[in-house]
Amino acid sequence: MFGLTALEMARIQFGFTISFHIIFPAITIGLASYLVVLEALWLLKQATVFRDLYLFWSKVFAVNFAMGVVSGIVMAYQFGTNWGHFSAFAGGVTGPLLAYEVLSAFFLEAGFLGVMLFGLNKVGPGLHFFATLMVAAGTLISATWILASNSFMQTPQGYEIVAGRIVPVDWVKVIFSPSFPYRLVHMTIAAYLATALFVGASGAWHLIRGRNTQAVRTMFSMAMWMVLIVAPIQIIVGDQHGENTLKYQPAKIAGIEGHWENKPGESVPLILFGWPDMKGETTRYALEIPHAGSLILTHSWNGQVPALKDFAPKDRPDSPVIFWSFRAMVGLAFLMFFLGLWSAWLRWRGDIYRAPLFLRAAILMGPSGLLALVAGWVTTEVGRQPWVVYNVMRTADAVSNHSAVELSISLILFIVIYFAVFGTGVSYMLKLVAQGPDVRGPEAEPGKIQRPSRPLSGAPDAVRPLPGGEG
Amino acid sequence: MGVDLPILWAIIIVFGLMMYVVMDGFDLGIGLLFPFIRDRAERDLMVNTVAPVWDGNETWLVLGGAGLFAAFPLAYSVLLSALYLPLVFMLIGLILRGVAFEFRFKADAAHRPIWDLSFAIGSYVATFCQGIALGAFINGFRMNGLTYAGGAFDWLTPFSIFTGFGLIVAYGLLGACWLIMKTEDALQRRMIELARPLTLLLLIVIGIVSLWTPLAHPQIASRWFSLPNIVFFAPVPVLTLATAWAILYVLQRQPHALPFGLALFLLFLGYSGLGISLWPHIVPPAMSLDQAAAPPQSMGFALVGALFIIPIILTYTFWSYYVFRGKVKFGEGYH
Ligand code: HDD
Ligand code: HEM
Ligand code: HEM
């Protein structure tokens, strides 16, 4: 199809399906933890605003979760269907890690999800809170295992190659491979940030429309605190992550920097923008800051780092892609950072809920977390090429022997179905968000529960009153 | 170590897949029965009987895949590559029906019929493809040593198409019996009416598969029809007939949970019959458990987790079913 080889199609298919998938887990991870916080506050403070917010976001969560699950099942099977040789070669490591993820995370999420979404008036508030907690724990455990697996593929250790396949010799080393701690922290924060920006944008959207209710203000304020605190942490963590990558995957960093060669005794400039040219072995139109590359990467004035020409052409990652995806991520990170600062300044000045320009900015930044997250993954994964298991197995040797016919059928199907199904799903999510958290309406009398327009939908409409609580 | 890791893992995977058939079977069955029920409120009710548990049910399928990957990576890679297209279609079916659980209730009135359709079609496609995969598995794979040597469409045979339809009947029966247990009045009566022909059909399907496989595969015939095996295995067909008869019998008198229990048992019998035919080949007929096994370090590591965690999973799964026990009522706001 379109002159693509089977290998290229398998890669496009994997990249396409995982990029769709990761959007849902990111929101799942963030919202699950957010729901835990909301329910805890509700139980502790007995304030209806937290209950309203909990019920509201759990509806959004439910739609998002369903999409995360079905897109994830595709991923679990794609290792075998598309990367047969990889599975046979590295299955001794990747398989058990995935099995642990299923056993310790997926079942936990799925097992308690029913009670969390539909069980509020069947079990007591305590047990219900426990269910929410278990779902949130499940999402984090899930991230841990899958990132251990991915990190092993990036920076493998603790294994031997026996009879043509990977044999784990030290599981602790396998799981805690050098890039794992950085990746776990960076990714978890990314999920929290992406969710905070999403929640914040929906709050701002309602505020701009004059729905200045307590629930809207509360969620907007919580989200902005999160961005203020977490964005700078993410920048520091990202910097550390980069140094770790320099140590274990120098070719990736060289590609990210568009850095082709070291001149003896000269410092490395920081190329802000430019166009890395793989054939010409140079970065065109480069806008450079002298010494800044050395400073950031080696913390010294004239330090040098490996350059692309130090690697054989067949071992170089595709520099233009990761050069730009990395800059997209970092650029967005700084925008988030400024948004956080802006919110702090407005708070200090008095009111963050009535600053139209700021609210507009918060809406615009709504998808930025997810964009940065996908850009980050593209950097990581394309930067690892041409290896699937870094320096151990090449992607070209990993692919199953499918004909181009099979792959064209499946690729077209996936693309059509994903856009149709998940596109519609996202539009439903946005519609739910647009309805706002005041399910009962701001003027509903306490104690009287208004039925939502669709009787069987969303969160339970007959909520058991909390002992002593007003609703 | 004295334990035979491949055998233990094979048991876990067989158990996981059985849990899958048992749990997701009735849940897919509900989608299969959608075309027979037109009323919107009744359809909502049907979906609500499984809404809190479907995700957990489907996770057994993921465990089957991941367990195979962990313990028998070679088999995982050969089977999944050989069954590429049916699996892709199955995944797409699961997407279509999985999202419908939420989308049916979140869509505007104009969109709802689309998601009802998506729920039903997704269930049919997923079930049919699972049946095809099963049939292709029984038929075996063309192998060159330990790698797959067949083509892209080897799975497409009259037998596999037959097992595809067969599985639709089986899941349909499970779904109907589940709904007999979870619903009342008109909907329940309709399900009782449907369960009867489905039981008979399933019996015919089991009969045909039981004749077709030994005729097509001499090694399966000799497994069943040699002495002393025939004596040991004879209870399977006898029990199958007895169970089917019992289902028909209880359907006539105010049934509640009994048909569901019996239908599960019927499926379990069919499943054991297959197990008897195929053991110990993981990629029949060429690859045995030992050949496909992961390194012992991998199997052992994953085994610790499996043995420790599966009982916990069963406990909270049971608890969740317990929370949502009893008949589901119209308009019960628990979606
Ligand atoms: C950092 C987090 C993360 C990453 C990188 C991935 N996933 Fe994922 N996945 C999750 C975090 C997650 C989650 C938060 O646990 C999900 C998302 C929504 C959900 O329902 O659970 C999930 C769902 C999910 C499911 C459905 C689980 C169920 O039945 O409940 C499967 C089978 C996978 N994933 C498999 C994969 C595979 C094979 C991946 C890599 C190639 C992958 N995921 C990347
Ligand atoms: C979740 C976010 C992720 C994103 C957005 C992502 C993105 C990508 C992209 C774009 C590719 C294609 C790279 C190329 O061919 O140039 C790819 C390949 C791949 N990734 Fe990831 N990935 C993610 C997570 C993971 C995880 C968690 C794993 C493993 C556990 C993984 C394993 C692979 C494998 C096996 C390939 C195929 C071989 C290859 O082309 O490198 N990925 N991914
Ligand atoms: C200045 C800020 C940031 C820096 C310096 C930075 C640095 C990095 C680096 C070097 C990598 C590649 C690591 C590797 O492949 O080994 C990476 C990956 C990634 N980044 Fe960032 N990052 C920043 C901000 C962000 C933000 C704001 C997000 C999302 C909200 C984000 C999400 C990700 C993700 C999801 C990955 C892929 C997973 C991983 O390897 O951890 N990053 N980041």
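Shown above is the structure to which this text applies.
Residues numbered from 1 in each chain as written. Chains lettered and ligands numbered in written order. Predicted model: local features only at pLDDT ≥ 70, side-chain atom pairs only at ≥ 80, totals over all residues. Heavy atoms only, no water.

Draft legend 1. Spatial organisation of the overall build of chain A. Of regular secondary structure, chain A possesses 13 helices and six strands. A compact globule built from 471 residues should have a C-alpha radius of gyration of about 23 Å, and chain A, at 24 Å, falls within 12% of that. Expressed as lengths along the three principal axes of its C-alpha atoms, the size of chain A is roughly 75 × 50 × 45 Å. The buried share of chain A, taken over its 471 residues, is 59%. Put simply, 76% of the contacts in chain A that link residues at least 6 apart link residues at least 24 apart. As displayed, chain A offers around 18,300 Å² of accessible surface, 67% of which is attributable to carbon and sulfur atoms. For chain A, the distance from the average site of its 32 positive side-chain charges to the average site of its 27 negative ones is 8 Å. (Helix = DSSP H or I, 4+ residues; strand = E, 2+ residues; numbered from the N terminus. Rg over C-alpha atoms; globule rule 2.2 N^0.38 Å. Buried < 20%, exposed > 50% of the residue type's maximum accessible area, 1.4 Å probe, protein only. Contact = heavy atoms within 4.5 Å. Areas by Shrake-Rupley, 256 points an atom, 1.4 Å probe, with all protein chains shown as cover. Lys, Arg positive; Asp, Glu negative; His and termini not counted. Charge placed at Lys NZ, Arg CZ, Asp CG, Glu CD.)

Draft legend 2. Structural view of a nonpolar patch on the surface. Residue and element names in this part refer to chain A. A cluster of nonpolar residues, Leu272, Phe273, Trp275, Tyr285, Leu287, Ile289 and Trp324, forms a patch on the protein surface that exposes about 740 Å² of accessible area. Elements that contribute at least two residues to the nonpolar patch include exactly β3 (270-277) and β4 (282-289). One can find Leu287 in strand β4. (Patch = residues over 30% accessible without salt bridge, like charges linked within 9 Å, V, L, I, M, F, W, Y side chains within 5 Å. Salt bridge = Lys/Arg side-chain N within 4 Å of Asp/Glu carboxyl O.)

Draft legend 3. Region of the structure containing the site of ligand 3. Residues and elements named next belong to chain A. With respect to spatial proximity, 25 residues lie near ligand 3, and among them Arg183, His186, Thr245, Lys252 and Met329 are the closest. In this structure, Thr245 approaches ligand 3 through a side-chain N or O atom, which is 2.7 Å from an oxygen atom. Those elements that provide at least two residues to the shell around ligand 3 are α6 (180-208), α7 (214-248), α10 (319-349) and α12 (368-384). If one sorts the elements of the shell around ligand 3 by residue count, α7 sits on top with seven residues. Of the residues contributing to the shell around ligand 3, the split by class is twelve nonpolar, ten polar and three charged. (Near = heavy atom within 4 Å. Polar contact = N/O pair within 3.5 Å; in protein donor to acceptor, adjacent residues only side chain to side chain. Nonpolar A, V, L, I, M, F, W, Y, C, P; charged D, E, K, R; others polar.)

Draft legend 4. Just the coordination of the iron atom of ligand 2, in detail. Just one protein ligand coordinates the iron atom of ligand 2, and it is Glu381 of chain A (OE) at 2.6 Å. With respect to the helices and strands, the residue Glu381 of chain A is situated in helix α12. (Donors = N, O, S within 2.8 Å, 3.2 Å for Na, K, Ca; no water.)

Draft legend 5. Looking closely at unusual backbone geometry. All names here are of chain A. The step from Gln385 to Pro386 runs through a cis peptide bond, and the omega angle for that step is 5 degrees. You can see Pro386 is positioned in the loop between α12 and β5 (387-389). With phi around 50 degrees, Ala163 is a residue other than glycine that occupies positive phi space. Summarising the element assignment, Ala163 is placed in the loop between β1 (159-162) and β2 (165-168). For Ala163, a relative accessible area of 78% puts it in the exposed group.

Draft legend 6. Broad picture of the environment of Leu289 of chain B. All names here are of chain B. Among the secondary structure elements, Leu289 is positioned in helix α13 (residues 289-292). Overall, the relative accessible area of 8% leaves Leu289 in the buried class. Considering only alpha carbons, one finds Leu289 and Phe137, 152 residues apart in sequence, at a separation of 15 Å.

Draft legend 7. Representation of the site of ligand 2. Residue and element names in this part refer to chain A. Taken together, 19 residues form the shell around ligand 2, and within it Arg11, Ile22, Trp377, Glu381 and Gln385 come nearest. Within the side chain of Arg11, one N or O atom sits 2.5 Å away from an oxygen atom of ligand 2. At 3.5 Å, a side-chain N or O of Asn150 approaches a nitrogen atom of ligand 2. More than half of the atoms belonging to ligand 2 lie within 2 Å of the grid points that define the second largest pocket. Breaking the shell around ligand 2 down by element, the ones donating at least two residues are α1 (6-45), α4 (125-154) and α12. When residues of the shell around ligand 2 are assigned to their parent elements, the largest contribution, six residues, is made by α1. (1 Å grid on protein atoms, 1.4 Å probe; cavity = no way out; pocket = protein on both sides within 12 Å on 5 of 7 lines; lining within 4 Å. Sits in = over half its atoms within 2 Å of the grid points.)

Honestly, that's just the spatial picture; any functional story needs more than this.
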